[in-house]
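Architecture at a glance
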Amino acid sequence: QDLPIDEQLREEAGEEPAFIVPAENVEVAEDALKSAPIDDDDDMEEEEEKNDRGNSDEANSAVDIVEDMSIFRLEKVHTDSLFSVDAIPITLGAEKALAIASGGGDDRAYLTFVSSSDQSSKVMRCAHDHTDSVSCVSFNRSGEVSDSSGLMLAVGSFDGTVQLYDVQKAAVDAMNNVDIVSKGRQLDGPSDIEWIAWHPKGGTVLLAGSSDATVWMWFATNGKCLQVFVGHEGEVTDGCFTKDGKFAVTISTDMTMRIWAPKTGLSRHVFRNQGGNRFAEAPLLCLDLGGGTDGQLAIVGAEDGTAWIVHLANKKILTCLSHCSEGDLRSVEAVGFAPNSVNVNWCATAGVDGTLKIWDLTNNQCRQVCKHNKSAVTRIRWHKNLPLVYSAASDGVIRVWDARNGALVKHLTGHNEVINDMRVVPNSEGE
């Protein structure tokens, strides 16, 4: 039977979504979270120091030969590794600009505006001082924004908070040379924030997953917690709303994938390996939705090198794609469906084995294998309109692949270490 469909979400500015039933909110009790040196002789220490200096010289020499192909570089701002980025084209005054959000291990988030005409930039520090790493950043809209009213930036941290910032106000402040993005609303609840995802309609409802096995949902306009989804038994590693916004879908290290009803906070279905239903037998790491002719397909990547295709409406497990079956390190780190404008039957998987694979879901066969010189692939993104897949890898290189024949179209260098996150934003010409 088809999955029952809840009533359409009705969201209007300043009003709570109609699917919220305060009396039915699900609550959870939060638990309180709260080497001996080795003695070496002097000769050994001196020898190690010499080796360290030698290795450092070699590393620096290798770094020097990396060509920086970027047109803009954010440097000497963050003081530790960056974990998350997001970007969106906006209008800044009389000209177009790219708004870039970034967050990382220095417990800080920054909002940077880069002019599309001359690449001049204004870097602004987000005001809140987090007490742990910034794990995720996300704008509440996608695509080019001509009217930035209501445009928000959400910043999630391992300290268990989500900070909301008014991007329109920040853009005005940037033109007045203000250096700090004003504090906005704070959302609390989970023990930490692993990921965040906005509702596709209205951009006022925010979903977040935690390592404490819970998923939280807030109404961003007033900061009210709308639901706490309880049912996973391990870290919730990824999640998002369905394309129509009627359901939320999450995956976990507990090897399950769940469909949730926002109205009640209840789990509508659980995909798991039990009985006659064969499903993942390893922690699930990544997720994408919206595949197939009806947009009801979901793909998840697992730690054991498999990827699984399910049909959300029919609650059926359709197939298992074997991305990598050999070696100790074979986890699937990134998955994604091709846009309908490219091919409704294609999807991609990528992992630590150093390959990106293009699959044809009409026969579940691998069409192309794109190799990354044994470097682990951390992120993949499909081009919005063209049959191109962008991949980010542990060697610091972004590669662009032609999904039709597996050819390497171009590579983009500049990073010296692993790329942790990536966004692809087409320019005004769609390139």
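Notes on the structure follow.

Cut-offs applied
- Residues numbered from 1 in each chain as written.
- Predicted model: local features only at pLDDT ≥ 70, side-chain atom pairs only at ≥ 80, totals over all residues.
- Heavy atoms only, no water.
- Pairing = 2+ DSSP bridges.
- Helix = DSSP H or I, 4+ residues; strand = E, 2+ residues; numbered from the N terminus.
- Axes fitted to C-alpha atoms, helices over the stretch in contact; angles between N-to-C directions.
- Salt bridge = Lys/Arg side-chain N within 4 Å of Asp/Glu carboxyl O.
- Buried < 20%, exposed > 50% of the residue type's maximum accessible area, 1.4 Å probe, protein only.
- Phe/Tyr/Trp six-rings, centres within 6.5 Å; stacked < 30°, edge-to-face > 60°.
- Arc of directions from axis to C-beta.
- Polar contact = N/O pair within 3.5 Å; in protein donor to acceptor, adjacent residues only side chain to side chain.
- Contact = heavy atoms within 4.5 Å.
- Core = buried A, V, L, I, M, F, W, Y, C linked by side-chain atoms within 4.5 Å.

Pairing in this open sheet of four strands is antiparallel, and the strands run S10-S11-S12-S13 from one edge to the other. Either end of the sheet is taken by a strand with one partner, and the two such strands are strand S10 (195–198) and strand S13 (224–230). Taken over all neighbouring pairs, the strand axes of this sheet differ in orientation by 20° on average, direction set aside. Pairing between strand S12 (residues 214–219) and S13: six bridges, direction antiparallel. Across the sheet, the residue bridging to Thr214 is Val230, located in S13.

Moving residue by residue along a regular strand, the side chains alternate between the two faces of the sheet. Strand direction decides the pairing type here: strand S26 (residues 377–382) and strand S27 (residues 388–393), joined by five bridges, are antiparallel. In the strand pairing of S27, Trp382 is matched with Val389. Between S26 and S27, which follow one another and run antiparallel, lie five residues.

One open sheet holds the four strands; their spatial order is S5-S6-S7-S9, and the pairing between them is antiparallel. The open sheet has two edge strands with one neighbour each: strand S5 (134–139) and strand S9 (186–187). Here S5 pairs with strand S6 (residues 152–157) via five bridges, running antiparallel. Note that in S6 the partner of Ser138 across the bridge is Ala154.

Here we come to the pattern of salt bridges. Going through the model one piece at a time under the given rule, you end up with twelve salt bridges. Across the salt bridge formed by Asp421 and Arg381, the nearest N and O atoms sit 3.6 Å from each other. With Asp421 in the segment after strand S29 (408–412) and Arg381 in strand S26, this residue pair connects regions lying 40 residues apart in the sequence. The class for Asp421 is buried, based on a relative accessible area of 13%. Look at Arg381 and you get partly exposed, because its relative accessible area is 25%. Where Arg423 meets Asp421, a salt bridge forms, and the shortest distance between an N and an O atom there is 3.1 Å. Salt bridges here are not isolated pairs; linked through shared partners, they connect Asp86, Arg379, Arg381, Asp421 and Arg423.

Before going further, it helps to spend a moment on the packing of aromatic side chains. Here the structure, examined in full by the defined rule, presents four aromatic pairs. Between the aromatic rings of Phe271 and Phe279, the centroid separation amounts to 6.2 Å while the plane-to-plane angle is 40°, which identifies the pairing as tilted. Classification of Phe271 by relative accessible area gives buried; the value is 1%. Centre to centre, the rings of Phe279 and Trp308 are 5.5 Å apart; their planes meet at 55°, and the pair counts as tilted. Of the two residues, Phe279 is situated in the loop between strand S17 (267–271) and strand S18 (284–291) and Trp308 in strand S20 (residues 306–311); the sequence distance between them amounts to 29 residues. Residue class for Phe279 comes out buried when judged on its relative accessible area of 0%. A connected cluster of aromatic rings, assembled from ring pairs, spans Phe271, Phe279 and Trp308.

Within the span of helix H2 (residues 167–175), buried status applies to Val167, Ala170, Ala171, Asp173 and Ala174. Projected down its long axis, H2 shows its buried positions confined to an angular sector of 165°, all on one face. The backbone nitrogen of Gln168 has a side-chain oxygen 3.0 Å away, supplied by the residue at the start of H2, namely Asp166. Asn177 lies just past H2 and shows a positive phi near 65°.

On the secondary structure map, Leu207 appears in strand S11 (residues 205–209). In this structure Leu207 comes out as buried when scored by relative accessible area, which is 0%. Filtering out sequence-adjacent residues up to four positions away, Leu207 remains in contact with Trp195, Ile196, Ala197, Val215, Trp216, Met217, Phe229, Cys240, Phe241 and Ala248.

Tracing the sequence through the fold places Leu284 in strand S18. Put simply, Leu284 and Ser252 are 32 residues apart on the chain and 5.5 Å apart in space, counted from C-alpha to C-alpha. Once residues within four sequence positions are removed from consideration, Leu284 is found in contact with Thr237, Ile251, Ser252, Thr253, Met255, Thr256, Met257, Phe279, Val300, Gly301 and Ala302.

Attention now goes to the side chain of Thr112. Topologically, Thr112 is positioned in strand S3 (residues 109–115). With residues near it in sequence (within four places) discarded, Thr112 still touches Phe72, Leu74, Leu98, Ala99, Ile100, Ser121, Lys122 and Val123.

It is worth spelling out the nonpolar core at this point. Within the largest apolar cluster, 24 residues are counted, with the highest numbers of intra-cluster contacts made by Ile90, Leu111, Phe113, Phe139 and Leu153. When contributions to this core are tallied by element, the ones reaching two or more residues are strand S1 (82–92), strand S2 (95–104), S3, strand S4 (121–126), S5, S6 and H2. Per-element accounting of this core gives the leading share, four residues, to H2. The contact partners of Ile90, leaving out residues within four places of it in the chain, are Glu95, Lys96, Ala97, Ala99, Phe113, Val145, Leu151 and Ala171. If you look at the next biggest cluster of nonpolar residues, it comprises 17 residues, including Phe247, Ala298, Trp308 and Leu312.

Most of strand S22 (residues 332–337) is tucked away, with five of its six residues classed as buried. Sheet analysis places S22 next to strand S23 (residues 346–351), joined by five bridges and oriented antiparallel. Each residue of the ladder has a partner; that of Ala334, found in S23, is Ala350.

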